[in-house]
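Fold and geometry: a report
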Amino acid sequence: MKTYSALLLFLSFPFAAQEASAPVPVENDPLHHVVLKNEPVVVIHLTLPPGERTLYHTHSHDRVAIPLSTTSITQQVLNEKETAPSPSEVGAFSALTLAGSSYTHRVHNVGSVAYEVLDVELLERPRTPSPAVAAAVAAENPSARIYDWVLAPGAATSMHTHVRPYLIVATTGFTLKMTAPDGQALTHDVKRGDFHWVDAKVTHTLANAGTAEGQIVEVELK
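Keep in mind the model is a prediction, meaning the values are calculated, not measured. Note on numbering: residues in each chain are counted from 1, in written sequence order. Restriction of local features to residues with pLDDT of at least 70 applies here, the model being predicted, together with a cutoff of 80 or more for giving and counting side-chain atom pairs; totals for whole chains, interfaces and linings are based on all residues. Calculation of side-chain values draws on the structure's entire complement of heavy atoms; hydrogens and water are dropped beforehand.

**A look at unusual backbone geometry**
Not every positive phi belongs to a glycine, and N79 is a case in point at roughly 70°. Every helix listed is a DSSP run of H or I at least four residues long, and every strand listed is a run of E at least two residues long, numbered separately from the N terminus. With respect to the helices, strands and loops of the structure, N79 is situated in the loop between β6 (71–77) and β7 (86–88). Only protein chains enter the calculation, and the probe is 1.4 Å; a residue is then buried if its accessible area is under 20% of its type maximum, exposed if over 50%, and partly exposed in between. Its relative accessible area of 74% is what places N79 among the exposed residues.

Okay, structure coming up:
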């Protein structure tokens with residue numbers, strides 16, 4: 001009986017240690033990887049295998065979460081109960097507003113495929129927000145606006161202008177064509193999860209020059 005009790009204690013130790021461990025900044029969680037960092041934003045790529053949990057980690061800014069896989073997850077805020085499972089779908093982004101000075105939670109992948117997401121941390125709220133472009137804003141928080149372009153083969157967006165820096169993200173793989181007002185165009189194949197930071201005023205259309213539906217998400221600073 002003593003041996004059995006000792007074995008149970010040994011097996012439960014890693015879980016207890018994780019429960020008791022102090023939260024870490026999101027950049028320090030071993031499954032979160034910084035893939036871009038500059039003065040306005042930090043872009044973090046999380047890949048969470050099925051059945052795994054992140055550490056408790058802390059977000060300190062408004063952010064935009066852009067899922068790159070479809071699975072089911074739960075979340076648990078520090079010192080609160082774990083939520084019920086909820087679906088996470090490719091391209092179903094969220095514009096999250098930080099309430100207070102920080103937000104600490106962990107994520108549990110209860111699905112059968114890896115949970116993959118780009119987390120765009122917006123490092124400073126603007127004092128004077130820029131105007132929205134003519135196209136409809138899909139979502140926003142105090143720091144950024146999101147434009148969502150789901151393009152069937154051959155479809156194109158309206159001509160629109162970005163007056164502030166922005167991050168362009170492909171949530172699916174397809175052939176993207178970008179055209180300027182003077183007709184000059186650039187066409188290239190993008191893969192799921194490809195992104196590019198643009199720190200310039202840009203006027204363009206986005207078109208799908210491929211044979212499969214594609215989605216582009218633009219996260220523009222206010």
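From this point, the narrative continues.
**A closer look at the confidence of the model for the chain**
Scored between 0 and 100, pLDDT is the confidence that the predictor attaches to each residue. Model confidence for the chain is summarised by a mean pLDDT of 91, while 90% of its residues fall at 70 or above. Here a residue-residue contact requires only that any non-hydrogen atoms of the pair lie within 4.5 Å. This model gives residues 1–18 a pLDDT under 50, and the stretch forms five contacts once residues within four places in sequence are excluded.

**Digging into the pairing of strand β3 (residues 41–48)**
Regular strands have side chains that alternate between both faces of the sheet. Of all eight residues in β3, six are buried, a share of seventy percent or more. For two strands to count as paired, DSSP must find a minimum of two bridges between them. Sheet topology note: the strand β2 (residues 32–37)/β3 ladder contains five bridges and is antiparallel. Of the residues in β3, the one forming a bridge with H32 is L46. By the bridge criterion, eight bridges tie β3 to strand β10 (residues 115–122) in an arrangement that is antiparallel.

**Observations regarding the environment of V41**
Along the chain, V41 turns up in strand β3. Separated by 83 residues in sequence, V41 and E124 place their C-alpha atoms 8.3 Å apart. Leaving out residues up to four positions away in the same chain, V41 has contacts with L36, V120, E121, L122, L123, W197 and L221.

**So, the nonpolar core**
Residues enter a nonpolar core if they are buried and are Ala, Val, Leu, Ile, Met, Phe, Trp, Tyr or Cys, with the set joined through side-chain atoms within 4.5 Å. I66, V120, L122 and V219 are the most contacted members of the largest nonpolar core, which has 18 residues in total. Among the secondary structure elements, those contributing two or more residues to this core are β3, β5 (62–67), β10, β12 (144–151), β14 (166–170) and β19 (214–221). Look past the residues within four positions of I66 in its chain and what remains in contact with it is F93, V117, L118, V120, V169, T171, V217 and V219.

**Comments concerning the environment of P181**
Position of P181 relative to the elements: it lies in the loop between β15 (174–179) and β16 (185–190). Taking the C-alpha atoms as reference points, P181 and V202, separated by 21 residues in sequence, lie 10.0 Å from one another. Ignoring sequence-local partners within four residues, the contact set of P181 consists of M159 and T203.

**A few points about the pairing of strand β9 (residues 103–109)**
Taken across its seven residues, β9 has six buried, putting it largely inside the fold. Sheet topology places strand β4 (residues 57–59) next to β9; three bridges connect them, and they run antiparallel. Among the inter-strand pairings, H57 is bridged to a residue of β9, identified as H105. Sheet analysis places β6 next to β9, joined by five bridges and oriented antiparallel. When the sheet's bridge partners are listed, T74 is paired in β9 with H108.

**Some remarks on the sheet that holds β16**
Two modes of strand pairing occur in sheets, parallel and antiparallel, and in both the strands are linked by backbone hydrogen bonds. Strands sit in the order β13-β18-β15-β16 across an open sheet of four strands; the sheet is antiparallel. One side of each edge strand has no neighbouring strand; the edge strands of this open sheet are β13 (160–162) and β16. With direction set aside, neighbouring strand axes in the sheet form an average angle of 35°. Strand direction decides the pairing type here: β15 and strand β18 (residues 202–208), joined by four bridges, are antiparallel. Bridge pairing in β18 links L176 to N208. Every axis in this analysis is a line fitted to C-alpha atoms, fitted for helices over the stretch in contact. Angles between the N-to-C directions lie between 0 and 180 degrees.

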